[in-house]
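# Architecture at a glance
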Amino acid sequence: MVVVVALLCGGQETATAWELRAGLETTVVFVYKETIPDQDLFIRGGIGEEQRPEGCSPDVETDPCAIDISTNLLGTILHYEKYNAWRVGDTRLDWSGGQPGQGVYQGMSAEGTPLVWTTDNVLSPGYQELNVYGEHYWMVSMDMNCTQTEEGWFELKGYLTNTESNWESDVTQSTCTGTVGGSAPYSSVNHLGRCGYINVFTFDAPDCIIDAFPDTPH
């Protein structure tokens, strides 16, 4: 069980509160991206090598830049078939792509941690209750080891299949809005999210929202 003690300043949790947060916490990432059929969105991430004096390692299992995760079930109908196949064996948020032994869908290997297309439309098979933002918000829910982050913050970048560039462009993120919001303790060319919260980003853009989970203190 995780005990969270929040120190509030102007409605936002201060960095000091992170010192009292430890262990695995459910963390959600949404990335807004309108796609075409046969495109799928993944994220790669962890901590940038600039924050790790020993550097990153190509060995995902020992990479100090990777963060331990366990992805969560979002649905069992056909809409979630790819997500459920690719999340098997995905135990780390890392920069290397699919892990050895990670799930395969109809011969297609995972390209990182998988996301699934979601909407706030209750009539759609892609409806998710936590999506209060609209259509085309790709989502992953995961239990993340917050102790492996940087003061509660982690990095991520989108990776889109069946496109020429694949990688999302670099961004310059500033202060995030939302019920939690905040600014990361360091700068990066990647999105920066907060462990234990709902993180909302836009593909190729620097905007960010960080919200608390419904009915939880923030």
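Scroll up to find the structure.
Since the structure is predicted, the reported quantities are computational estimates derived from the model, not experimental observations.

Next up on the list: the pattern of salt bridges. Overall, the coordinates contain 5 salt bridges when judged by the stated rule. Residues Lys 82 and Asp 40 are paired through a salt bridge, measuring 3.0 Å at the closest nitrogen-oxygen approach. Of the two residues, Lys 82 sits in helix 1 (residues 81-86) while Asp 40 sits in the loop between strand 3 (24-32) and strand 4 (41-46), which places them 42 residues apart along the sequence. On the basis of relative accessibility, which here comes to 23%, the residue Lys 82 falls in the partly exposed class.

Before going further, it helps to spend a moment on the pairing of strand 5 (residues 67-71). Residues of strand 5 alternate between two faces, with Ile 67, Ile 69 and Thr 71 buried on one and Asp 68 and Ser 70 left unburied on the opposite face. Relative to strand 6 (residues 92-93), strand 5 runs antiparallel, the two sharing 2 bridges. Its bridge partner lying in strand 6, Ile 67 is registered against Leu 93. Here 3 bridges tie strand 5 to strand 11 (residues 137-145), and the two strands are oriented antiparallel to one another. Each residue of the ladder has a partner; that of Thr 71, found in strand 11, is Met 142.

Ranked by internal contacts, the top residues of the largest apolar core, which has 41 residues, are Val 29, Ile 43 and Met 144. Ranked by the residues each element gives to this core, the list is headed by strand 11, at 6 residues. Counting 6 residues, the second-largest nonpolar core is a separate cluster that includes Phe 42, Ala 85, Tyr 105 and Tyr 159.

The next thing to look at is the sheet that holds strand 12 (residues 153-160). Strand order in the open sheet formed by 4 strands is 9-4-12-13, with antiparallel pairing between adjacent strands. The open sheet has two edge strands with one neighbour each: strand 9 (113-114) and strand 13 (191-194). Bridging between strand 4 and strand 12 involves 6 bridges; their strand directions are antiparallel. In the sheet register, Leu 41 faces strand 12, and the bridge partner there is Leu 160.

The rules we used
Residues numbered from 1 in each chain as written. Predicted model: local features only at pLDDT ≥ 70, side-chain atom pairs only at ≥ 80, totals over all residues. Heavy atoms only, no water. Salt bridge = Lys/Arg side-chain N within 4 Å of Asp/Glu carboxyl O. Helix = DSSP H or I, 4+ residues; strand = E, 2+ residues; numbered from the N terminus. Buried < 20%, exposed > 50% of the residue type's maximum accessible area, 1.4 Å probe, protein only. Pairing = 2+ DSSP bridges. Core = buried A, V, L, I, M, F, W, Y, C linked by side-chain atoms within 4.5 Å.

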